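# Observations on the three-dimensional arrangement
The primary structure of each chain is shown beneath.
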Amino acid sequence: MGKTLAYKILEDHLIEGKLSPGEEITIRIDQTLTQDSTGTMVYLQLEAMEVDRVKTELSVAYIDHNTLQTGFENADDHEFIKSVAERHGVLFSKPGNGICHQLHLENYGKPGKTLLGSDSHTPTGGGLGMIAIGAGGLDVAVAMAKGTYSLTAPKVVKVELKGALRPWVSAKDVILYVLQQLTVKGGVGRIIEYTGEGVKNLSVTDRATITNMGAELGATTSVFPSDENTRAYLKAQGREDAYRPLAADDDAVYDEELVVELDKLTPLAAKPHSPDNVDSVGNIGEIKVDQVAIGSCTNSSYTDLMKVAAILKGRKVHPDVSLVISPGSSRILEKMAENGALADIISAGARIIENACGPCIGMGQSPKSGAVSLRTFNRNFKGRSGTLDADVYLVSPETAAISAIRGVLTDGMSSGESLPDIAMVDFTPNDNFIVYPDGHDKENTPVAMGPNIKPFPRNTALPETVEAKVVLHAGDNITTDDIMPSDSRLLPYRSNIPHLSNYCFEKIDSGFSQRCHEAGRCAIIGGENYGQGSSREHAALAPLYLGVKFVIAKSFARIHRSNLINSGILPLVFANPADYDTLELGDELVIENAPQQVKADTIKVKNVTKGLVYDTKPNFSDLEINMILKGGKINAIKESGR
Ligand code: MIC
Ligand code: SF4
């Protein structure tokens, strides 16, 4: 029986377990990446593990999220990360170098390698034929300390690509189409593997756009074969020696299949407020646009921005539109400065901002009240832009640029305008933004600890009886942005959980943290796909700090479920989803004989207020049971080494 590419790479890295869907496996991690908004926690945790040098082939610490430096907090975090990176042999990418995923693709990604990143869009590396997985910060800290990562072996979904995209239709439309078909929870427990003759018609940066937004499917990761296009991309980056051809066997067997006919696709958009709320631009119609934002780890590559420059050249941004562009990396910006494309963009009336996440994570550029904002980003959750009543649409760079000129959402295909082909160019290697840890070690480099950096909360061993009061009864698809919002006001406090916890669930229930303080011991009730989106473990650490003991939901998103377990908070799934409706705010819940029950198939939760008993399914692996019993991953590692 032939093998999928995903399983070939996993098999190459398998350390422990049976490589079969649903089984727990431990794999070797070759590379890690962190970014600053999750990175401060990662490096606090790495320090807490008292390790010396990292065990990976390569680990990089990028600074791209908190770059506004509105106060000392951001800059202190950067200095802290730099010092810890130097102590442990991690490369440090200075602010201004660009967005972690774009930079990693350009400079370090290698076909066939594994990459674990403390950011949900780490699967961008799948565009190069890597198994690149997003995880909570603690998992990445452990991967650096031990060179391993444990996960449930996913199913593999085959997405067969046929034909080629037509002008004005791009990789963004491919992934929006897949999101329309599979939804934001369709990828949970799955790797999405792209195959078929259409693959050769997509460049590595196109592929990276698709694997990047596979995060929005909830997938463990997404992967493309490594072929001549991969070689060409690596050669253009001056790294042809990293090339290695990789593909699934012709007779590979997949768990599920989807066919995408590239030549039938038209420009698409994800409407407010979910990446899977997809419709064609033509159907949505020519709605008036107030803001257009181009950039993010999804769509800020050289070819993306050159297409934008070609559309803007010699024209004027519509008077009612604010067009803002954040390039993916310093080398892309440098190239566009050299070849004149930057001048074309500026002259059209676009605002150029730093090579960083910027508006994607609400660091500036919040649209005006009630605005329509078109963004080439990957998430349009309500309020993520910083403006609660803004309507954010996710579109391709082509759709964004032509709409910025016309002032209305525009389908480029029916616009009658032509679009030039963008040729790939060679980049001159440049590591001037990189600080190497050479010459530094733990002994000669002190940790630079600013006053805003506070210790992270730690849990204690699971008690016999767990009592908790329901402090929130939430709906389906709660995001980690809902749980722990992030914007220019809050991002500087990513290393200060006590401060952040005051804002937990702020956007959907402003009384949440107060209720937690009053209750002391708390439980959260959730619907389907609880905790989708960002990998921020702050969405587990802030609830831990506030006294949350367990969450019962209809289903969980992968990374958040792991983050809860890593913090010693129990993620429990309703055996009977109708039980969800019987629970109310203020209900007193009890789990008796908790240490015995967590080892069983079913955990019984008593609702003392209503006189009911709920069956819940923990589905914990042995490693997870150990973590729950010990009160989280750090305690488990310290006590039993795993
Ligand atoms: C995001 O896109 O939501 C982020 C900001 O990159 C997060 C990480 C974070 O919350 O710090 C992610 O995707 O993991
Ligand atoms: Fe940064 Fe946005 Fe990408 Fe997250 S999704 S890494 S905030 S650019």
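Cut-offs used in this document
Residues numbered from 1 in each chain as written. Chains lettered and ligands numbered in written order. Predicted model: local features only at pLDDT ≥ 70, side-chain atom pairs only at ≥ 80, totals over all residues. Heavy atoms only, no water. Helix = DSSP H or I, 4+ residues; strand = E, 2+ residues; numbered from the N terminus. Buried < 20%, exposed > 50% of the residue type's maximum accessible area, 1.4 Å probe, protein only. Contact = heavy atoms within 4.5 Å. Areas by Shrake-Rupley, 256 points an atom, 1.4 Å probe, with all protein chains shown as cover. Near = heavy atom within 4 Å. Nonpolar A, V, L, I, M, F, W, Y, C, P; charged D, E, K, R; others polar. Core = buried A, V, L, I, M, F, W, Y, C linked by side-chain atoms within 4.5 Å. Polar contact = N/O pair within 3.5 Å; in protein donor to acceptor, adjacent residues only side chain to side chain. Pairing = 2+ DSSP bridges. Axes fitted to C-alpha atoms, helices over the stretch in contact; angles between N-to-C directions. Phe/Tyr/Trp six-rings, centres within 6.5 Å; stacked < 30°, edge-to-face > 60°. Lys NZ or Arg CZ within 6 Å of the ring centre and 35° of its normal. Salt bridge = Lys/Arg side-chain N within 4 Å of Asp/Glu carboxyl O.

## Let's talk about the overall build of the protein chain
For the protein chain, the count of helices and strands is 21 helices and 27 strands. Referenced to the eigenvectors of the C-alpha coordinate spread, the extents of the protein chain come out at roughly 70 × 55 × 55 Å. Counting every position in the protein chain, which comprises 642 residues, the buried fraction comes to 64%. Across the protein chain, every contact between residues at least 6 apart in sequence was considered, and the portion connecting residues at least 24 apart equals 77%. Summed over its atoms, the accessible surface of the protein chain is roughly 21,700 Å², and 48% of this surface lies on carbon and sulfur atoms.

## Structural notes on the site of ligand 2
Around ligand 2, the structure places His-65, His-101, Asp-119, His-121, Ser-296, Cys-297, Cys-357, Cys-360, Ile-361, Asn-378 and Arg-384. Partitioned by chemical class, the residues of the shell around ligand 2 number four nonpolar, five polar and two charged.

## Notes on the nonpolar core
A general feature of soluble globular proteins is that nonpolar side chains tend to end up buried together. Ranked by internal contacts, the top residues of the largest apolar core, which has 82 residues, are Tyr-43, Phe-505, Phe-512, Ile-524 and Tyr-530. A total of seven residues in this core trace back to one element, the largest contributor, which is helix 5 (residues 137-146). Aside from chain neighbours lying at most four places away, what touches Phe-512 is Val-471, Leu-472, Cys-504, Phe-505, Ile-524, Leu-546 and Val-548. Membership of the second largest hydrophobic core comes to 37 residues, among which are Ile-311, Leu-323, Ala-341 and Ala-404.

## Quick look at the site of ligand 1
Around ligand 1, a shell composed of 14 residues is seen, among which Ser-37, Asp-119, Ser-120, Ser-534 and Arg-536 lie nearest. In the environment of ligand 1, an oxygen atom lies 2.8 Å from a nitrogen or oxygen atom belonging to the side chain of His-65. Arg-384 is positioned such that a nitrogen or oxygen atom in its side chain is 2.8 Å from an oxygen atom of ligand 1. In the complex, the protein chains occlude 97% of the 330 Å² of accessible area that ligand 1 would expose alone. Classifying every residue of the shell around ligand 1 gives one nonpolar, eight polar and five charged.

## Things to note about the sheet that holds strand 1 (residues 14-16)
Across the sheet, which stays open at both edges, the three strands sit in the order 1-2-8 with antiparallel pairing between neighbours. Edge positions in the sheet fall to strand 1 and strand 8 (148-152), since each has one partner strand and no second. Taking each pair of neighbouring strands and ignoring which way they run, the sheet shows an average axis angle of 40°. Pairing of strand 1 with strand 2 (residues 24-28), which is carried by two bridges, proceeds in the antiparallel orientation. Within the sheet, the bridge partner assigned to Leu-14 lies in strand 2 and is Ile-27.

## Points about the packing of aromatic side chains
For the structure shown, the criterion picks out five aromatic pairs. Judged by centre distance (6.3 Å) and plane angle (85°), the rings of Phe-574 and Tyr-580 are edge-to-face. With respect to burial, Phe-574 and Tyr-580 carry one shared label: buried. The ring of Tyr-580 carries Lys-554 above its face, with NZ or CZ at 4.3 Å from the centroid.

## Remarks on the pattern of salt bridges
Applying the stated rule across the entire model yields 36 salt bridges. When the shortest N-O distance is used, the salt bridge between Lys-200 and Glu-197 registers 3.9 Å. Owing to a relative accessible area of 52%, Lys-200 belongs among the exposed residues under this scheme. For Asp-290, the salt bridge is made with Lys-368, and the minimal N-O distance between the two is 3.5 Å. You can see Asp-290 sitting in the loop between helix 9 (281-284) and strand 15 (291-294) and its partner Lys-368 sitting in the loop between strand 17 (351-352) and strand 18 (372-375), a full 78 residues away along the chain. Here Lys-368 falls in the exposed class, since its relative accessible area comes to 55%. What you see here is one network of salt bridges that share partners, running through Lys-155, Arg-190 and Glu-256.

## Description of the sheet that holds strand 27 (residues 612-617)
Reading around the circumference, 21-22-23-24-27-26-25 is the order of the seven strands in this closed barrel, with mixed pairing throughout. Averaged over all pairs of adjacent strands, the angle between strand axes in this sheet comes to 40°, irrespective of strand direction. Looking at chain direction, strand 21 (residues 466-473) and strand 22 (residues 522-525) are connected through four bridges and run parallel. Paired with Val-470 across the two strands is Ala-523, which belongs to strand 22. Sitting on the sheet, helix 16 (residues 512-519) is in contact with strand 21, strand 22 and strand 23 (548-553), with an inclination near 160° to strand 21.

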